[in-house]
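One letter stands for each residue in the lines below.
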Amino acid sequence: MNGTIAMITFRAMLGRKRALLLLGLPLLLLVLAAALKVTGNDDLDVSANVLQKFGLATLLPLLALIAGTGVIGPEIDDGQIMYVLTKPIPREVIVLTKLLVAIVLVTAFAAVPTLLAGLILTGTTAQLTPAFAIGVLIGGVVYSAVFVALAVASRNAVTIGLLYALVWESLLGNFAPGAKSASIQQWCLSVTDALTGASPVRSTVDLPVAIGLLVAVTLVGAFLATFRLRSLPVASAD
């Protein structure tokens, strides 16, 4: 990890309009959780549904998309990446630093709010809250690796990421069993399912398969991002 690159990236991410989205989305989850608690609509089924549908299926991929593409995509688009590529810094260090920044942001703005929302709704009943927090944390790592790789490989990373998260995982996943099983969301839900005894939480993917896929996709994403950055000529950043 390169400390200078990390600090510059954090400053850029938290100083742009993306910061409003990073803050706005988790605030919506917390407000929703508080409203349900106040109105008495906080039973285990409702709490599990909110944490899954809003936290894991909506908040997580959108925040990971903002963070994963934002840590490196704009620098490639406006040519600022040129100044980094001309320095004697290994490409894998650049990618891993950007990835770690994205993971930290997703942890702070997705995993922590999910934990807080769960505590507001149901406390630690049936270990539902920590289970979803861990699932979102793991998902943040995987999504970040995928979206960082997309940002390095394509200028349309945000569009592609939205299509994957909203169309493949959310829309097609509700109708096509194959699409549901081949989604990061379901793999993370499998981990969550294994950590809680709450009956509303059910995944279509077996835990060993889910863990293997989560690790594989993370490693492949990091590798592809590094490989693509190595093949990116400095002239293309002009």
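What you are looking at is a predicted structure, and each value in this text was computed from that prediction instead of being measured. (Residues numbered from 1 in each chain as written. Predicted model: local features only at pLDDT ≥ 70, side-chain atom pairs only at ≥ 80, totals over all residues. Heavy atoms only, no water.)

Trainee: Give me the lowdown on a nonpolar patch on the surface, citing residues and values where you can.
Mentor: There is a patch of nonpolar side chains on the surface, built from V158, L162, L163, L166, V167 and L171 and spanning about 470 Å² of accessible area. One can find L162 in helix α8 (residues 157-171). Since its relative accessible area comes to 31%, L162 is described here as partly exposed. (Patch = residues over 30% accessible without salt bridge, like charges linked within 9 Å, V, L, I, M, F, W, Y side chains within 5 Å. Areas by Shrake-Rupley, 256 points an atom, 1.4 Å probe, with all protein chains shown as cover. Salt bridge = Lys/Arg side-chain N within 4 Å of Asp/Glu carboxyl O. Helix = DSSP H or I, 4+ residues; strand = E, 2+ residues; numbered from the N terminus. Buried < 20%, exposed > 50% of the residue type's maximum accessible area, 1.4 Å probe, protein only.)

Trainee: For the packing of aromatic side chains, give the residues involved together with the corresponding values.
Mentor: Using the criterion set out here, one finds two aromatic pairs in the structure. Ring centres of F223 and F227 lie 6.3 Å apart, and the angle between their planes is 20°; on these two criteria the pair is classed as stacked. Separated by four residues within a single helix, F223 and F227 lie in helix α11 (residues 207-230), roughly one turn from each other. Here F223 falls in the exposed class, since its relative accessible area comes to 53%. (Phe/Tyr/Trp six-rings, centres within 6.5 Å; stacked < 30°, edge-to-face > 60°.)

Trainee: Please provide a residue-by-residue account of the environment of M13, values included.
Mentor: Within the secondary structure layout, M13 lies in helix α1 (residues 3-15). What makes M13 buried here is its relative accessible area of 0%. Distance in space between the C-alpha atoms of M13 and I72 is 9.9 Å, their sequence separation being 59 residues.

Trainee: Could you give me a rundown of unusual backbone geometry, with the residues and numbers involved?
Mentor: The phi angle at A126 is positive, at roughly 55°, despite the residue not being glycine. By secondary structure assignment, the location of A126 is in the loop between α6 (91-122) and α7 (128-153). With relative accessibility at 34%, the residue A126 sits in the partly exposed group. The backbone phi angle of Q127 is positive, close to 55°, even though this residue is not glycine. Locating Q127 in the fold gives a position in the loop between α6 and α7.

Trainee: So, the packing of helix α3 (residues 44-70) against α6: which residues are in play, and what are the values?
Mentor: Their axes nearest at 10 Å, the elements α3 and α6 cross at an angle of 165°. Classified by the angle between their axes, α3 and α6 sit roughly antiparallel to one another. Like other packed secondary-structure pairs, α3 and α6 cross with a definite hand, here right-handed. For the pair α3 and α6, the contacting residues are L44, S47, V50, L51, G55, L59, L60, L63, A64, A67 and G68 in the first and A102, L105, V106, F109, A110, T114, A117, G118, L121 and T122 in the second. Taken together, the residues that form the contact of α3 with α6 break down as 15 nonpolar, six polar and no charged. (Axes fitted to C-alpha atoms, helices over the stretch in contact; angles between N-to-C directions. Parallel < 35°, antiparallel > 145°, perpendicular 65-115°, else oblique. Left-handed = near helix turned anticlockwise from the far one by under 90°. Contact = heavy atoms within 4.5 Å. Nonpolar A, V, L, I, M, F, W, Y, C, P; charged D, E, K, R; others polar.)

It is worth stressing that arrangement in space is one thing and function is another; only the former is reported here.
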